[in-house]
Amino acid sequence: MLLAVENLAVSYGGIQALRGISFTVEEGEVVTLVGANGAGKSTTLKTICGLVRPQAGTISYQDETINKVAPHQIVSRGISQVPEGRRVFTRLTVLENLEMGAYTRNKQETRQSLENVFERFPRLKEREHQLAGTLSGGEQQMLAIGRALMSRPRLLLLDEPSMGLAPMLVREIFSIITEINRSGMTVLLVEQNANMALSIAKRAYVLETGQIVLSGTATEMARNKEVRKAYLGE
Amino acid sequence: MMMRCEILTLALGRSRLILIFYRYSCSKCFYDSCRPGGALKAIGGRCMFWQQFWQQLVNGVTLGSTYALIALGYTMVYGIIQLINFAHGEVYMIGAFTGLIMVTVYKVNFIIAILAAMLVCVPLAILMERIAYRPLRKSTRLAPLISALGVSIFLQTLVTLIKGGPNPLAFPQVIQDTVYVLGPVRFSTVQVLILVMASLLMVFLQFTVKYTKIGKAMRATSEDYEAASLMGINVNRVVSFTFAVGAALAGAGGVLVGMYFNSIHPFMGVSVGLKAFCAAVLGGIGSIPGAMLGGIFLGIAEVMGVAAGFDTYKEAIAFGLLIIVLLFKPTGLLGLPIQRKV
Ligand SMILES: Nc1ncnc2c1ncn2[C@@H]1O[C@H](COP(=O)(O)OP(=O)(O)OP(=O)(O)O)[C@@H](O)[C@H]1O
Ligand SMILES: [Mg+2]
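If you're wondering where the values come from, they're calculated on a predicted model, not measured in any experiment. (Residues numbered from 1 in each chain as written. Chains lettered and ligands numbered in written order. Predicted model: local features only at pLDDT ≥ 70, side-chain atom pairs only at ≥ 80, totals over all residues. Heavy atoms only, no water.)

### Some remarks on the overall build of chain B
At step 1: Within chain B, the secondary structure is distributed over twelve helices and six strands.
At step 2: Taking all 342 residues of chain B together, the buried fraction comes to 50%.
At step 3: Taking all contacts inside chain B whose residues are at least 6 apart in sequence as the whole, residues at least 24 apart take part in 70%.
At step 4: Summed over all atoms, the accessible surface of chain B reaches about 16,500 Å², with 69% contributed by carbon and sulfur. (Helix = DSSP H or I, 4+ residues; strand = E, 2+ residues; numbered from the N terminus. Buried < 20%, exposed > 50% of the residue type's maximum accessible area, 1.4 Å probe, protein only. Contact = heavy atoms within 4.5 Å. Areas by Shrake-Rupley, 256 points an atom, 1.4 Å probe, with all protein chains shown as cover.)

Set out below in structure tokens:
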């Protein structure tokens, strides 16, 4: 098991964002976490990355508990996140953004990663010296994904990569995620676009107000009546 | 103003280099009577004005570059953790005292004194951040500000106690002061030194922030603290580094100002600190080129104001200017547009 989350509870002051959730991610899988606004999806990813501290429960990664590990050390352990809303460094160039993604890596590794990312996203290569703030939304999302790949993670966390993108771009981003997974990377995908998410995931969990209410294989979930009603707009 | 400068004579007298600039302008009188030498005696009112103007400009840029050195510390720290480090002026004061001890007790030359001041100020600022600011980072915004004021008063009192009183100490003349003439303008060696040192430090800083790994991490952290830590950047280390760089510049500034005004005291950080803070806001707080520009702008305004006879209102000039600029451009001269919240 690559990642195992057990009875994870998180609260922000008085607000209980997660009420004891458990889920697992196996090596090589694409697992998706779907849910409505405010369900606690981003909180889950932030807690895995150490940005938010859990109130209770454990997060184990490669059989080690990482609850108390600092965010920057979690990156060195091989977890990388594409945060919600892209969060690229707008005042840095595309190249500098990518270099930041490889902050934990040495020069040689950075150069290698850079080549790989540019190969995957030729559009970033063309805009290498442009400020990230001047990129279009779709390009920023590609940059955010490219930046996360720079550290060569084993586990990639993606927080709503389809947010605010046109349907064609959404398809492009999802096919890129599939490709990334095929190249051997494990993916934990958070989405509101359940349709797309279920189409590329192996397994899925449904999160509702801080609790996991359903789980199963993606095909099962896509057929589930409740899921179709609540998340697939039927 | 259309003007052209031309070096006519480059005379090397004894060991001292004297550069003489001649200047043309559309005005014939200007050309004739401002020529150094005999004609200088026949200065008309108008040329007197220009001679004064250029002289005060040089003095202003000199004073301004010391403000800039200190303003950089305010602006960088603000850029990273949105804190106005009110104790930064005291770092500069301690830099000046370190320099004084080095030149009087250890009799070292000024370069070593400047380096020593930087070396003392860096750990001081890092310690300050660890003890007084870091534990308060997640509390209200007011808490670290109050803490900064506390540190500031603590350091002033500490130095007063060690020194045994608040009265000023003379900063001995550490370099032979020669006057260089450049057209209508006279430079002292200390002025040249301040200009050269400040420029070198600022170029070095710009280089660090623009091209080094830690410099890029600084920019990334100042834009998005959380995203930076998701990159594997140790944000705490970046914060310490920022304090260290600011302190090194302030320490150097302290020694340079000591040499310039020949007098230092435990409360010297208060007014200079406040003015440097003004300079940082003037230039656009958070912006490094802004702090440089703001400092120089303020220095020129202050010196010109004094030359124009507003000596008594010297201190008011900085704040008046600040208010005027902020009325028209609330983010400062080179300030970034108000940040969109993510
Ligand atoms: N920093 C915070 N301080 C206080 N409450 C927060 C904070 N961040 C999130 N919350 C609350 O925690 C709950 C879960 O938020 P979270 O961002 O995890 O939801 P989400 O599932 O990612 O929603 P969305 O799909 O809108 O991104 C919400 O009720 C939210 O208001
Ligand atoms: Mg979210």
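### As for the coordination of the magnesium ion (ligand 2)
Perfect tetrahedral coordination of a metal by four donors corresponds to 109.5 degrees between them, and perfect octahedral coordination by six donors corresponds to 90 or 180 degrees.
At step 1: Protein coordination of the magnesium ion (ligand 2) is provided by A:Ser42 (OG) and A:Glu84 (OE), with donor distances spanning 1.9 to 2.1 Å. In this pair, A:Ser42 is assigned in helix H1 (residues 41–48) and A:Glu84 in the loop between strand E6 (79–82) and helix H3 (94–101), connecting sequence segments 42 residues apart. (Donors = N, O, S within 2.8 Å, 3.2 Å for Na, K, Ca; no water.)

### Side note on the site of ligand 1
Residues and elements named next belong to chain A.
At step 1: Around ligand 1 lies a shell of 14 residues, among which Asn37, Gly38, Lys41, Ser42 and Thr43 are the nearest.
At step 2: Within the contact set of ligand 1, an oxygen atom lies 2.7 Å away from a side-chain nitrogen or oxygen of asparagine 37.
At step 3: At 2.7 Å from an oxygen atom of ligand 1 is found a side-chain nitrogen or oxygen belonging to serine 42.
At step 4: Burial of ligand 1 by the surrounding chains reaches 64%, relative to a free accessible area of 630 Å².
At step 5: Mapped by element, the contributors of at least two residues to the shell around ligand 1 are strand E2 (15–25) and H1. (Near = heavy atom within 4 Å. Polar contact = N/O pair within 3.5 Å; in protein donor to acceptor, adjacent residues only side chain to side chain.)

### As for the sheet that holds E2(A)
Residue and element names in this part refer to chain A.
At step 1: Judged by pairing direction, the sheet is antiparallel, and its four strands sit side by side in the order E2-E1-E4-E5 without closing on themselves. Only two strands of the sheet have a single neighbouring strand rather than two, namely E2 and strand E5 (64–65).
At step 2: Bridging between strand E1 (residues 3–12) and strand E4 (residues 56–61) involves five bridges; their strand directions are antiparallel. When the bridges of E4 are listed, glutamate 6 appears paired with threonine 58. (Pairing = 2+ DSSP bridges.)

### Considerations on the sheet that holds strand E10 (residues 211–217) of chain A
Residue and element names in this part refer to chain A.
At step 1: A sheet is described by the order of its strands in space; here six strands give the open sequence E6-E7-E8-E3-E9-E10, paired in mixed fashion. Either end of the sheet is taken by a strand with one partner, and the two such strands are E6 and E10. Adjacent strand axes in the sheet meet at a mean angle of 15°, parallel and antiparallel pairs treated alike.
At step 2: Here helix H6 (residues 137–149) sits on the sheet and contacts E6 and strand E7 (155–159); the angle it forms with E6, its principal contact strand, is near 170°. (Axes fitted to C-alpha atoms, helices over the stretch in contact; angles between N-to-C directions.)

### Here we look at the interface of chain B and chain A
At step 1: Counting residues at the interface gives 23 residues for chain B, matched by 23 residues for chain A.
At step 2: Roughly 2,300 Å² is buried in total at the junction of chain B and chain A, and carbon and sulfur atoms are behind 58% of that figure.
At step 3: Interface area lost by chain B to chain A is led by B:Glu223, B:Leu230 and B:Met231, which between them contribute 32%.
At step 4: Summed over the shared surface of chain B and chain A, the number is four salt bridges.
At step 5: For A:Glu96, the salt bridge identified is with B:Arg219, shortest N-O distance 2.9 Å.
At step 6: Between chain B and chain A we count nine residue pairs in polar contact (both at pLDDT 80 or more) in total.
At step 7: Residue assignment for the side of chain B that touches chain A shows that the elements contributing at least two residues are helix H7 (213–223) and helix H8 (225–230) of chain B. (Buried area = accessible area lost by both parts, 1.4 Å probe. Salt bridge = Lys/Arg side-chain N within 4 Å of Asp/Glu carboxyl O.)

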